[in-house]
Amino acid sequence: MSRTPLLAITQGDPAGIGPEIIAKAFRDAPERMQGCFVVGDVATLRRAAQLLQRPGRCALPVAVIAAAQDALQVPPRCVPVLPLPGLPGPLPFGQVQAEAGRAAAACVQWAARAALRGQIDGLVTAPLHKEALHLAGVDFPGHTELLQAEAAGHAGVPLAQMPVRMMLANESLRTVLVSIHVSLRDAIEAVTSANVLETLRITHAALFRSLGRAPRIAVAGLNPHAGEAGHMGREEIEQIAPAIAAARALGMDLTGPEAPDTVFMRARSAPGKAGEFDVVVAMYHDQGLIPVKYLGLEQGVNVTLGLPLVRTSPDHGTAFNIAGQGVADAASLIEAVQVAKRLVTA
C-alpha cells in the first residue's frame, strides 16, 4: 500500500477567504484531503467552520494536533490544525492588516522549513494579500519569492543560486513565467537570454519529472507578432531566439518565439483534442496568466518550479469582497492539493 503524502496547508490571510475554503475542502472532499493539516490559528479556523454551519447539520469539527504526523489519525470531515504560537486570533474580514500579513507569512515560513527538513512532503498555500505582507514588513512581494528565500537560506546559497519560476496550470493550459511580481518596465528588462534559458531549463526539468517524458515547450515572443522580424521590437532576435537555440542544444523540445496572441490558443487542450504544446513559456506575468485565468479559476493551480520542495496554491487571491460570507469556492484549493500529491509521488 502506498504511503499517504503529508501536506501542510497554510491558512493564508485570515481576513480573506483562505480559512473558509480550507474548511469547505475538508467538509466537501474528505477523501481528497486525507493526509492534510492546517498550519494556523485554531480560533480562526473554528470561525471559518462556523461560517459553513447550516440548520439541522452538525458543525464541522476542528481538531488541535501537536505534530504533523497526528493529522493521519484525524477522522474525515474534521479539520486538523497545528497551531503556531504568536498568531493573532480572528481578524476583521475584508481589511488589509499588518497583523494578517505577519500571520500569513509565519505560516508559510513554518511549512517551508518543515518541508525542507523532510518533516512533511509538501505544502499548499492559501491566498495571502501582498499589501498586508508589505505592511507587516515582509521583504518579499509574494509566496514565490518568500519560498525562494527560505530554500536559499536552508541550502546556504545566495538567492541567485536558487532560481524559481511560477507555473499556472489547469486542465486546458500550462504557462510558466520568465518574470513574476515586477513592474512591466522591469519585466521587459528581464527578458534576457540568460533569464529565458534559465526558465526553459527549470520548466523542462519540472515537467520531465511530472510527465515522464520531454515536454513540448512553446516560447512566446515579447512583442506583437513576436517582433515581426525586428520591425516591432528586437528582443525576439537578440534575446529570446539565442536562448531557444542554446536550450535546443541541450536536447529540449522547443518551438518559438511564437506570436503571443495565438500561442496560448494553440497550446490549449480540449476534450478529445490535445494542444500542440505541453506548456507555454511567457515573458511576463500578465501575458501568461490572463489566458489561464480566463479559462476559469475553479481548477487553476499555481505551482512553484525550481524549489527543493513541493508547493502548490489555488489560482485566486484573498477575495476580500466576499470573505466571511461562506460563499467562496474551494475547487481550486482542492485541485491544488491533488496536484501536490501527484508531484510528491512523481
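Here, every reference points to the structure presented above.
Okay, so let's go over this structure.

Parameters at a glance
- Residues numbered from 1 in each chain as written.
- Predicted model: local features only at pLDDT ≥ 70, side-chain atom pairs only at ≥ 80, totals over all residues.
- Heavy atoms only, no water.
- Helix = DSSP H or I, 4+ residues; strand = E, 2+ residues; numbered from the N terminus.
- Rg over C-alpha atoms; globule rule 2.2 N^0.38 Å.
- Buried < 20%, exposed > 50% of the residue type's maximum accessible area, 1.4 Å probe, protein only.
- Contact = heavy atoms within 4.5 Å.
- Areas by Shrake-Rupley, 256 points an atom, 1.4 Å probe, with all protein chains shown as cover.
- Polar contact = N/O pair within 3.5 Å; in protein donor to acceptor, adjacent residues only side chain to side chain.
- 1 Å grid on protein atoms, 1.4 Å probe; cavity = no way out; pocket = protein on both sides within 12 Å on 5 of 7 lines; lining within 4 Å.
- Points joined across faces, edges and corners; volume = space filled by probe spheres on them.
- Core = buried A, V, L, I, M, F, W, Y, C linked by side-chain atoms within 4.5 Å.
- Nonpolar A, V, L, I, M, F, W, Y, C, P; charged D, E, K, R; others polar.
- Phe/Tyr/Trp six-rings, centres within 6.5 Å; stacked < 30°, edge-to-face > 60°.
- Lys NZ or Arg CZ within 6 Å of the ring centre and 35° of its normal.
- Axes fitted to C-alpha atoms, helices over the stretch in contact; angles between N-to-C directions.
- Left-handed = near helix turned anticlockwise from the far one by under 90°.

**What to know about the overall build of the protein**
For step 1, the next point in the chain: The secondary structure content of the protein amounts to 11 helices and 12 strands.
For step 2, the next point in the chain: In terms of overall dimensions, the protein is globule-like: its C-alpha atoms have a radius of gyration of 20 Å, near the 20 Å expected for 346 residues.
For step 3, the next point in the chain: Each of the three principal axes of the protein carries a C-alpha extent, and together these read 65 × 45 × 40 Å.
For step 4, the next point in the chain: Residues counted as buried form 53% of the 346 residues belonging to the protein.
For step 5, the next point in the chain: Taking the intrachain contacts of the protein between residues at least 6 apart in sequence as the baseline, contacts between residues at least 24 apart amount to 71%.
For step 6, the next point in the chain: Counting only carbon and sulfur atoms, one obtains 52% of the accessible surface of the protein, whose full area is about 14900 Å².

**A look at the side chain of asparagine 170**
For step 1, the next point in the chain: Within the element layout of this structure, asparagine 170 appears in the loop between β6 (165–169) and β7 (174–177).
For step 2, the next point in the chain: Note on asparagine 170: relative accessible area 15%, which makes it buried.
For step 3, the next point in the chain: At a separation of 2.8 Å, a polar atom in the side chain of asparagine 170 contacts the main-chain amide nitrogen of serine 172.
For step 4, the next point in the chain: A polar contact of 3.3 Å, which involves the side chain of asparagine 170, links it to the backbone oxygen of valine 292.
For step 5, the next point in the chain: With sequence-adjacent residues up to four places away left out, asparagine 170 is seen in contact with Val292, Leu295, Gly296, Gln299 and Gly300.

**Things to note about empty space enclosed by the protein**
For step 1, the next point in the chain: Within this structure, the stated rule accounts for 1 cavity of 30 Å³ or more.
For step 2, the next point in the chain: Of the voids in this model, the largest cavity is the one considered here, and its volume is about 40 Å³.
For step 3, the next point in the chain: Along the walls of the largest cavity sit Pro14, Gly16, Pro19, Glu20, Thr44, Arg47, Ala48, Leu51 and Phe93, which together make up its complete lining.
For step 4, the next point in the chain: Put simply, the parts of the chain that give the lining of the largest cavity at least two residues each are α1 (18–28) and α2 (42–51).
For step 5, the next point in the chain: Ranked by residue count, the leading element in the lining of the largest cavity is α2, at 4 residues.

**So, unusual backbone geometry**
For step 1, the next point in the chain: In this chain, glycine 256 is followed by proline 257 through a cis amide linkage whose omega measures 0°.
For step 2, the next point in the chain: Counting through the fold element by element, proline 257 comes out in strand β9 (residues 253–258).
For step 3, the next point in the chain: If you check the backbone angles, alanine 226 has positive phi at about 55° while not being a glycine.
For step 4, the next point in the chain: As for its position among the elements, alanine 226 is in the loop between β8 (216–220) and α8 (235–249).

**Let's talk about the environment of proline 314**
For step 1, the next point in the chain: Among the secondary structure elements, proline 314 is positioned in strand β12 (residues 310–314).
For step 2, the next point in the chain: By relative accessible area, proline 314 is classed as buried at 3%.
For step 3, the next point in the chain: C-alpha of proline 314 to C-alpha of leucine 333: the two residues are 19 residues apart in sequence and 4.8 Å apart in space.
For step 4, the next point in the chain: The contact partners of proline 314, leaving out residues within four places of it in the chain, are Ile21, Thr125, Ala126, Pro127, Gly300, Asn302, Ser332, Leu333 and Ala336.

**Observations concerning the nonpolar core**
For step 1, the next point in the chain: Ranked by size, the top nonpolar core spans 58 residues in total, and within it Ile9, Ile22, Phe26, Val79, Val124, Leu200 and Met283 carry the most contacts.
For step 2, the next point in the chain: Not counting the four nearest positions on each side in its chain, isoleucine 22 is found in contact with Ile9, Thr10, Gln11, Val38, Leu45, Ala126 and Leu333.
For step 3, the next point in the chain: Ranked by size, the runner-up nonpolar core spans 36 residues in total, among them Leu84, Val108, Ala112 and Ala136.

**Some words on the layout of surface pockets**
For step 1, the next point in the chain: Taken as a whole, the largest pocket encloses approximately 650 Å³ of empty space.
For step 2, the next point in the chain: Lining the largest pocket are 26 residues, with Met167, Ser210, Val303, Val339 and Leu343 sitting closest to its centre.
For step 3, the next point in the chain: Of all the secondary structure elements, the ones that give two or more residues to the lining of the largest pocket are β6, α7 (193–211), β11 (301–305), β12 and α11 (331–345).
For step 4, the next point in the chain: A per-class count over the lining of the largest pocket returns 15 nonpolar, 5 polar and 6 charged.
For step 5, the next point in the chain: Forming the boundary of the second largest pocket are 20 residues, of which Lys130, His181, Lys293, Asn302 and His316 lie nearest the centre.
For step 6, the next point in the chain: When residues of the lining of the second largest pocket are traced back to their parent elements, those giving at least two are α5 (143–155), β6, α10 (285–294) and β12.

**Examining the packing of aromatic side chains**
For step 1, the next point in the chain: Using the criterion set out here, one finds 1 aromatic pair in the structure.
For step 2, the next point in the chain: Where phenylalanine 37 meets tryptophan 110, the ring centres are 6.3 Å apart and the plane angle is 85°; that geometry is what we call edge-to-face. Here tryptophan 110 lies in helix α3 (residues 98–116) and phenylalanine 37 lies in strand β2 (residues 36–40), a separation of 73 residues in the sequence.
For step 3, the next point in the chain: Here the guanidinium or amino end of arginine 47 rests over the ring plane of phenylalanine 93, the centre of that ring lying 3.8 Å away.

**Some words on the environment of leucine 289**
For step 1, the next point in the chain: Turning to its location among the elements, leucine 289 is positioned in helix α10.
For step 2, the next point in the chain: A C-alpha to C-alpha distance of 9.0 Å links leucine 289 and methionine 167, two positions 122 residues apart in sequence.

**Re the packing of α1 against α2**
For step 1, the next point in the chain: Running from amino to carboxyl end, α1 crosses α2 at an angle of 65°, the nearest separation of the two axes being 8 Å. You can see that α1 and α2 cross each other, and the crossing is right-handed. Seen from α1, the contacting residues are Pro19, Glu20, Ile22 and Ala23; seen from α2, they are Thr44, Leu45, Ala48, Ala49 and Leu51.

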